[in-house]
Amino acid sequence: ATRAGLGAGAVSFNGKAGRCEECEGLGRGKIGLHLYEDAARTCPACGGARYRPEVLDVRLDGRTIADVLAMSVDEALAAFEDDPKIAPTLEAMAQLGLGYLALGAPSTVLSSGEAQRIRLATLLAAPKRGGSLYCFDEPDRGLHPVDLARLAEAFDRLVAGGDTVLAITHSPQLWAAADH
């Protein structure tokens, strides 16, 4: 990427530096059908990858940025387990039961519980500071009992690090795991 003269902005399909010019980083376009609902088509310029050709020419271990964003958390963890900058967050996400999520999944398709667990994973992967208060609003909503146990373990890790966790919940399983 450096040899190609690409900066950090090239890895984002939201900015002009990296996104496909034809589809503006959407990976698809609309075909207006006057009397019917519009139809979607894959962008012919990027093939749905959302990036400029020069960005897709850059590869890491044979993968383009579009390939990496299509990976699930579990797949990415297996591919980047030795990378000290990436692995801790991927490990935390997997431990919280988010291994099935695609790295490039738009935030609009995430449930509120998934979004909260992603934020929790970033806290668990960050250097420990202690003394912070974290508030969660029904982080258990829709979770399987196995995932509830994972969530309680994550909360315990934050508390063991000197933080305070406040969770509004209707789950007896989380009530039982609470200190107060």
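Residues numbered from 1 in each chain as written. Predicted model: local features only at pLDDT ≥ 70, side-chain atom pairs only at ≥ 80, totals over all residues. Heavy atoms only, no water.

(A) Geometry of the pairing of strand 4 (residues 164-168). Sheet topology places strand 3 (residues 133-137) next to strand 4; five bridges connect them, and they run parallel. The partner of Phe 136 across the bridge, within strand 4, is Ala 167. After leaving strand 3, the chain enters helix 6 (residues 145-160) and then returns to the sheet as strand 4, a path that is right-handed. (Pairing = 2+ DSSP bridges. Helix = DSSP H or I, 4+ residues; strand = E, 2+ residues; numbered from the N terminus. Right-handed = clockwise from strand over helix to strand, strands pointing away.)

(B) Representation of the packing of aromatic side chains within the structure. Going through the model one piece at a time under the given rule, you end up with two aromatic pairs. Aromatic side chains Phe 13 and Tyr 51 sit 5.7 Å apart centroid to centroid with 75° between the ring planes, which places their arrangement in the edge-to-face category. Taken together, the residues span a long stretch of sequence, with Phe 13 in the segment before strand 1 (28-31) and Tyr 51 in the loop between strand 2 (39-42) and helix 1 (53-56) at a distance of 38 residues. With respect to burial, Phe 13 and Tyr 51 carry one shared label: buried. Summarising the aromatic geometry, the rings of Phe 136 and Phe 155 are spaced 5.0 Å apart at their centres and angled 40° between planes, so their arrangement reads as tilted. You can see Phe 136 sitting in strand 3 and its partner Phe 155 sitting in helix 6, a full 19 residues away along the chain. Side by side, Phe 136 and Phe 155 carry an identical accessibility label, which is buried. The aromatic ring of Phe 13 is capped on one face by Arg 50, whose charged end is 3.6 Å from the ring centroid. Across from the ring centre of Phe 80, 5.8 Å away, lies the NZ or CZ of Arg 63, which sits over that ring. (Phe/Tyr/Trp six-rings, centres within 6.5 Å; stacked < 30°, edge-to-face > 60°. Buried < 20%, exposed > 50% of the residue type's maximum accessible area, 1.4 Å probe, protein only. Lys NZ or Arg CZ within 6 Å of the ring centre and 35° of its normal.)

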